[in-house]
Amino acid sequence: MSGSVEGKVAVVTGGGSGIGRAACEIFAREGASVVVADIDVAGGEETADLVTKAGGKAIFVNCDVSQAEQVEAMVKAAVVNFGGLHCAFNNAGVEGEYARLADATEENFLLNYRVNMLGVWLCMKYQIRQMLEQGKGGAIVNTASDAGLIGVKNLGQYSAAKHAVIGLTKSAALDYATKQIRVNAVCPGPIRTPMLMRVFEESPKIGEAMIAAQPVKRLGEPSEIADAAVYLCSDHASYITGHALPVDGGYMAT
Ligand SMILES: NC(=O)c1ccc[n+]([C@@H]2O[C@H](COP(=O)([O-])OP(=O)(O)OC[C@H]3O[C@@H](n4cnc5c(N)ncnc54)[C@H](O)[C@@H]3O)[C@@H](O)[C@H]2O)c1
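Rules and cut-offs
- Residues numbered from 1 in each chain as written.
- Predicted model: local features only at pLDDT ≥ 70, side-chain atom pairs only at ≥ 80, totals over all residues.
- Heavy atoms only, no water.
- Buried < 20%, exposed > 50% of the residue type's maximum accessible area, 1.4 Å probe, protein only.
- Helix = DSSP H or I, 4+ residues; strand = E, 2+ residues; numbered from the N terminus.
- Pairing = 2+ DSSP bridges.
- Right-handed = clockwise from strand over helix to strand, strands pointing away.
- Near = heavy atom within 4 Å.
- Polar contact = N/O pair within 3.5 Å; in protein donor to acceptor, adjacent residues only side chain to side chain.
- Areas by Shrake-Rupley, 256 points an atom, 1.4 Å probe, with all protein chains shown as cover.
- Contact = heavy atoms within 4.5 Å.
- Expected span 1.5 Å × (residues − 1).
- Core = buried A, V, L, I, M, F, W, Y, C linked by side-chain atoms within 4.5 Å.

1. Here we look at the pairing of strand β1 (residues 9-13)
The element β1 is largely enclosed, with a buried count of five among its five residues. Inspection of the sheet shows β1 paired to strand β2 (residues 33-38) by five bridges, in the parallel sense. Across the sheet, residue Val11 finds its bridge partner in β2, namely Val35. In this fold, β1 hands off to helix α1 (residues 18-29), which returns the chain to β2; that crossover is right-handed.

2. Description of the site of the ligand
In the vicinity of the ligand, 30 residues are found, and the nearest of them are Ser17, Asp38, Tyr158, Ile191 and Thr193. Within the side chain of Thr193, a nitrogen or oxygen atom sits 2.5 Å from an oxygen atom of the ligand. The separation between an oxygen atom of the ligand and a polar side-chain atom of Arg198 is 3.1 Å. The fraction of the free accessible surface of the ligand (830 Å²) that becomes covered by protein chains is 93%.

3. A word on the environment of Lys153
Within the secondary structure, Lys153 sits in the loop between β5 (138-143) and α5 (156-175). You can call Lys153 exposed: its relative accessible area is 73%. Spatially, the C-alpha atoms of Lys153 and Arg100 are 7.2 Å apart, while their sequence positions differ by 53 residues.

4. So, the side chain of Gln214
Along the chain, Gln214 turns up in the loop between α7 (204-213) and α8 (222-233). When neighbours within four sequence positions are excluded, Gln214 is seen to be in contact with Pro190, Asp248 and Tyr251.

5. Comments concerning α1
The terminal C-alpha atoms of α1, which comprises 12 residues, lie 17 Å apart, in line with the 16 Å expected from a rise of 1.5 Å per residue. Inspection of α1 places Gly18, Ile19, Gly20, Arg21, Ala22, Ala23, Cys24, Ile26, Phe27 and Ala28 among the buried residues, and these make up the whole buried set.

6. Quick notes on the nonpolar core
Membership of the largest hydrophobic core comes to 36 residues, with the highest contact counts inside it found for Val11, Cys63, Val71, Met74, Met124, Ile140 and Val183. Of all the elements in the fold, those that place two or more residues in this core are β1, β2, α3 (68-82), α4 (106-134), α5 and β6 (181-188). With eight residues, α4 is the single largest residue contributor to this core. Each residue touching Met124, except ones within four places of it in the same chain, is listed here: Asn90, Ile140, Asn142, Leu168, Thr169, Ala172 and Val183. Listed in part, the 32 residues of the second largest apolar core include Val5, Ala10, Val141 and Cys233.

As structure tokens, this is what we get:
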């Protein structure tokens, strides 16, 4: 179904694990060349290997999305290695600590701000500059969360950063609508990735409660988010921009 990313060049941040890795595999399967960007060198190289062993095209770029010069270099790597940039999935993220607002640490607030918010802004900034230079538009998808659409008890700093991702997404979509650059967000519910498994290990009770609260009574799989992201990047989604799409087994309908 994803289709229509054939022959395009995509960058995926957080491509070394979870949702990002699944997206790299799906982009490549659908015919895109992929820049796997991550701060985790081993994970990122493993993803690039998985893609190339399956017959796809991928390179790994070591990139901390909170560092402007590294983000700029990531975009350059797409141009130098694959000839341009057409799609971007800005998905790298960190989890919040579980604590009521007055007990949360400034350190975790700043980590959430730097990676989940500033990182998305920096990525879009350099990706959009490149897309404007090419003059043929492009498509960007940012990973927000259900926590970017509603408040979440004990997760204020993460929720705030994910709300910001949606604000940035909608504003960028308006800024560049006439330049044929589409900008959307996916809002995952609880997805079976290393990030969520860390939360479940720390507090099995939170895990049980999360699954019980899901209308579909199961976790999502990374590929279920990645499919939505690749679709939004594809030509099939040519009239969709400025949208924050929940991919959450119905949770936002409750
Ligand atoms: N798993 C879930 O339940 C869930 C739910 C909602 C939203 N999300 C969001 O989905 C995205 C992907 O998460 P995941 O569940 O696949 O987690 P994950 O931990 O499996 O993968 C996240 C990846 O991001 C990378 N990363 C972290 N900081 C980075 C930085 N500064 N620069 C570059 N890369 C960095 C990590 O190294 C890792 O490879 C995140 O934005 C997360 O907030 C996840």
